[in-house]
Structure formats: structure tokens, C-alpha cells
Amino acid sequence: MSVNPLRPAELFDGLRLHQNENTGGCSPRVLDAISRMARERVGFYPAYAEMERVGAAYLGVPTERVAFTNGLDEGIMALCVASLRSTPGGVAPEVIIPEPTFEIYRLDTDVAGGKVVRVAPRPDYSFPLPAILAAMTPATRLVLLTNPNNPTGQLVPKEDIRTIARQAPAGATVFLDEAYADFARETFLAELESFPNVIIGRTFSKAFGLAGLRIGCLIGAPDRLAPVIRALPVFSVNVCATVALPAALADRAYLEDYLRQVDESKQLIYSACDRLGFKYWKSGGNFVFVKLGDRAAELVGALAARHIYVKDRSREADCAGCVRISAGWVADTQALVTALDEVLCQVPR
Ligand SMILES: Cc1ncc(COP(=O)(O)O)c(C=O)c1O
């Protein structure tokens, strides 16, 4: 059996705070809706009209401006495949990636034959606008931005997005990954019509707890989306996801409860870090980036021994000593803080 090397270890025996998932899962209405599905529907290729209508209405855009995908991951891969065809004269198409960020951008760029142009972070991880503008060349095909950024939780100022979209070379697409926008309660969606070279990515994995069903989308001008849609497998969103999405979107109380808990969890993590003397960055997402220092790997291991998993990014460039911790349901965060206290007592400096 082959194992996808991009797939993180399957850790189902404890508290998963390493992938920014909603550990409480989806709204109960989602499973109700799936269980009420007629048996024949599983025998047919999926129909998308209703899901597209409800999903587009939630986003506040016409259906022709949205392409639903098998998770946003699939949308990002299709975007790279569609955008990174070789250029005349053999110049490698360039992809600007401000790092640290979602690791998949680098992998998808590589698979699609593009050249990664890395933009290094500022010391405080604030958005590096001047360096991004300086990195643009006529060979730039994609600029991949994440708002809020994963793993730092930093926001991208809207004016910076506008500036990049205005200055991007003809033919380049500015991709704005809003996987965590529900938590930040801000989006660039309302400005898309003014910036036809911007495509926004959204996922229903995080705030709506549908990661296991794989549903996300790309939003943009129909002529920008068309080549990306051609790079998507025809029926890539499965029938359970088509039923799940409208049910999840209808349960606003469940969403609001989770968003409230995320806010409270972030405060708990900030307080614990203040008390324990760890640096952290205030986050717009459902996670917090924390500098545990030179003991990071050891502390991550000690938490894992207690079946609490956090994401160790301490060995990456410009992330020395840093880990990313999901901040979701308050009970989970309390368990994390308790375990961190215990571990620190047992692993003195
Ligand atoms: C920034 C960012 N974009 C996209 C994704 C992928 O989302 P999906 O589960 O919809 O594939 C993630 C998942 O962690 C992410 O962090």
C-alpha cells in the first residue's frame, strides 16, 4: 500500500490540535441530512445545483462566480495546474509565496512546474508588502496570499491586497486564501468585482467542521475561473458533501457557538503564554503561533506522549522554536493548558 507523503500522521487517539480542525465536528444537522438521503442518490453521480445556489448565497456572490471543489486543497492544485503552464521562451512561471505559510502552496507549485519565489517574513510576521512588490517580475503567474495567515495568524491589510492586485503583471492571478476568514470576520469578497485578477479560496473544513467531507470553493470572475475549472475533475465534490453543505450553512447557532469558543480559547492560550513566559502572536484564525524556544521539539513530544498533538514548525526557516496550536472548543484548550503546565513542571530548564 502506498502512503501519500504529504498526508500528516493519522493521530486519532487523542486531542488533535495540530491541523486547525473543528474537534467538535460538524453541526448535528449535517449527519441528519446525510442519513435522510435517498439510497439511489449514492448510485448516481452528484447533482450540484442546490449546493451551488445555497453556497453562493452564503458567500453573497452569483453562482457563476463560484467553483466548488473537493476541499480548498483541490482548488489550489487546480489553480496551480491552470496557471503554471510553461511560458514561451522557456522561462519558468513564477509563484510568489510569502512564508511561513500553508506548506501545500510550495508543493503544488512544484507539481505544476512553477518556480517558488519565496518572500521572507518580517521579524514580527506583519505582512511584507514591499518585499512582495519587489518580487514581482513579468514571469509572475501567481501571488499566493493567506488572510489570516497560517501559521502566524497575521492579517493582510485590505489596502495591501488592493496594491498587489493593481501592480501584479498582466496575466498573473492574485490568490487570496480565506480558509480562516470566518474566524477573523473579515473578507475581500465584496471587492472582487473591482479586482478581476483576484481569486478567493474558502473552505468549509474549519469553521463548519466539514474537513472529512472535503468541500471548499474558489470565487472569482468567470473568465478567470474557467481555466481552473477545466483543471478540476468533473465530479470531484461527492454527494455527501453536496447534502452536508446546505445543512451546515443553515445551522448558524452552531457556527456562532464555535466562533465564540475559538475567541475564548485564544484568550486562554494568550494568558497561559503570558504566565509561562512564551512569546505568541495574536491570531485572526482558530490557532495561535507560539514561540516555545529551543525546547519546542521536546515539549511537542512530551505533549504527544499525553496524546495532545500540536504542530511543530520549529525547524522551518524563520520559525525557530515556534509551534502552532489549534484554538477551538474551550474544554480542549483547558486540557492543553493543563498538560502544558504538567509538562513544564516535569521538563525543567
Ligand atoms: C491556509 C489554508 N488553505 C487551505 C487549506 C485546505 O483546506 P481544505 O480542508 O478545504 O482542503 C488549509 C488547511 O489547513 C489551510 O490552512
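Residues numbered from 1 in each chain as written. Predicted model: local features only at pLDDT ≥ 70, side-chain atom pairs only at ≥ 80, totals over all residues. Heavy atoms only, no water.

K.L.:
Got a sec to walk through the pairing of strand 4 (residues 115-119)? Specific residues and values, please.
P.N.:
Moving residue by residue along a regular strand, the side chains alternate between the two faces of the sheet. The pairing of strand 3 (residues 94-98) with strand 4 spans 5 bridges and is classified as parallel. Its bridge partner being in strand 4, Val95 is matched across the sheet by Val116. On the question of chirality, the crossover connecting strand 3 to the parallel strand 4 by way of helix 5 (residues 104-111) is right-handed. (Pairing = 2+ DSSP bridges. Helix = DSSP H or I, 4+ residues; strand = E, 2+ residues; numbered from the N terminus. Right-handed = clockwise from strand over helix to strand, strands pointing away.)

K.L.:
So, the site of the ligand: which residues are in play, and what are the values?
P.N.:
Around the ligand, a shell composed of 14 residues is seen, among which Leu72, Asp177, Tyr180, Thr203 and Ser205 lie nearest. Thr203 places a polar side-chain atom, nitrogen or oxygen, 2.5 Å from an oxygen atom of the ligand. Within the contact set of the ligand, an oxygen atom lies 2.6 Å away from a side-chain nitrogen or oxygen of Ser205. Coverage of the ligand by the protein chains reaches 93% of its 400 Å² of free accessible surface. Ranked by residue count, the leading element in the shell around the ligand is helix 4 (residues 71-83), at 4 residues. Across the shell around the ligand, the residue classes break down as 5 nonpolar, 5 polar and 4 charged. (Near = heavy atom within 4 Å. Polar contact = N/O pair within 3.5 Å; in protein donor to acceptor, adjacent residues only side chain to side chain. Areas by Shrake-Rupley, 256 points an atom, 1.4 Å probe, with all protein chains shown as cover. Nonpolar A, V, L, I, M, F, W, Y, C, P; charged D, E, K, R; others polar.)

K.L.:
Please set out the side chain of Thr109 residue by residue, giving values where relevant.
P.N.:
Relative to the elements of secondary structure, Thr109 occurs in helix 5. According to the relative accessible area criterion, Thr109 is buried, its value standing at 0%. Ignoring anything within four residues of it in the chain, the contact list for Thr109 reads Cys80, Leu84, Val95, Ile97, Gly114, Lys115, Val116 and Leu144. (Buried < 20%, exposed > 50% of the residue type's maximum accessible area, 1.4 Å probe, protein only. Contact = heavy atoms within 4.5 Å.)

K.L.:
Give a description of the sheet that holds strand 6 (residues 173-177) that names residues and reports values.
P.N.:
Across the sheet, which stays open at both edges, the 7 strands sit in the order 2-8-7-6-5-3-4 with mixed pairing between neighbours. The sheet terminates laterally at strand 2 (66-69) and strand 4, the two strands that pair on one side only. Along the sheet, successive strands turn relative to each other by an average axial angle of 20°, direction set aside. Of the pairings in the sheet, the one linking strand 2 to strand 8 (residues 216-219) comprises 4 bridges and is antiparallel in character. Residue Val66 lies in a different strand from strand 8, and its bridge partner there is Ile219. Against the sheet, helix 4 touches strand 2, strand 5 (140-146), strand 6, strand 7 (198-203) and strand 8, its axis set at about 170° to strand 6. (Axes fitted to C-alpha atoms, helices over the stretch in contact; angles between N-to-C directions.)

K.L.:
Requested: an account of the environment of Thr173, with residues and values cited.
P.N.:
Here Thr173 lies in strand 6. Setting aside residues no more than four positions away along its own chain, Thr173 makes contact with Leu79, Arg141, Leu142, Val143, Asn197, Ile199 and Arg224.

K.L.:
Can you break down the domain arrangement of the protein chain residue by residue, with the values?
P.N.:
The domains assigned to the protein chain are domain 1 (15-24 + 253-346) and domain 2 (28-250). For domain 1 and domain 2, the distance between their C-alpha centroids amounts to 26 Å. Each partner contributes residues to the interface: domain 1 has 26 residues there, and domain 2 has 26 residues. For the domain 1 and domain 2 pair, buried surface summed over both sides reaches about 2000 Å², with 55% attributable to carbon and sulfur atoms. (Domains from an automatic or database assignment. Buried area = accessible area lost by both parts, 1.4 Å probe.)

K.L.:
Please give an account of the packing of helix 1 (residues 28-35) against helix 10 (residues 239-250) that cites residues and values.
P.N.:
Here helix 1 crosses helix 10 at 140°, and the two axes come no closer than 8 Å. In terms of orientation, helix 1 and helix 10 fall into the oblique class. Seen along the crossing, helix 1 lies across helix 10 with a hand that is right-handed. Of the residues in helix 10, those in contact with Arg29, Val30, Ala33 and Ile34 of helix 1 are Cys240, Val243, Ala244, Ala247, Ala248 and Ala250. For the contact of helix 1 with helix 10, the class distribution of residues is 9 nonpolar, no polar and 1 charged. (Parallel < 35°, antiparallel > 145°, perpendicular 65-115°, else oblique. Left-handed = near helix turned anticlockwise from the far one by under 90°.)

K.L.:
I'd like a rundown of the pattern of salt bridges, residues and numbers included.
P.N.:
The final tally for this structure, using the stated rule, is 21 salt bridges. Residues joined by salt bridges that share partners form a network here, namely Glu99, Arg106, Arg118 and Asp318. (Salt bridge = Lys/Arg side-chain N within 4 Å of Asp/Glu carboxyl O.)

K.L.:
Outline the packing of aromatic side chains, supporting the account with residue identities and numerical values.
P.N.:
A full pass over the atoms with the stated rule returns 16 aromatic pairs. Ring centres of Phe102 and Tyr105 lie 5.6 Å apart, and the angle between their planes is 85°; this geometry places the pair in the edge-to-face category. In this structure Tyr105 comes out as buried when scored by relative accessible area, which is 0%. By way of ring pairs, the aromatic residues Tyr180, Phe183, Tyr254, Tyr258, Phe287 and Trp329 are connected into one cluster. (Phe/Tyr/Trp six-rings, centres within 6.5 Å; stacked < 30°, edge-to-face > 60°.)

K.L.:
Summarise the environment of Asp160; cite the residues concerned and give the values.
P.N.:
Following the sequence through the fold, Asp160 ends up in helix 7 (residues 158-167). Spatially, the C-alpha atoms of Asp160 and Ile132 are 10.0 Å apart, while their sequence positions differ by 28 residues. Contact partners of Asp160, with chain neighbours within four places excluded, come to Phe127 and Leu129.

K.L.:
Outline the sheet that holds strand 9 (residues 279-281), listing residues and values.
P.N.:
Neighbouring strands of a sheet are bound in pairs by backbone hydrogen bonds; such pairs are parallel or else antiparallel. Here 5 strands make up an open sheet; going across it, the order is 1-11-12-10-9 and the pairing mixed. The strands lining the two open edges of the sheet, one partner per strand, are strand 1 (15-17) and strand 9. Averaged over neighbouring strand pairs, the angle between their axes works out to 30° when direction is ignored. Against the sheet, helix 11 (residues 252-276) engages strand 9, strand 10 (287-291) and strand 12 (322-326), with an angle of about 10° to strand 10. Docked against the sheet, helix 12 (residues 296-305) engages strand 11 (308-312) and strand 12, running at close to 155° with respect to strand 11.

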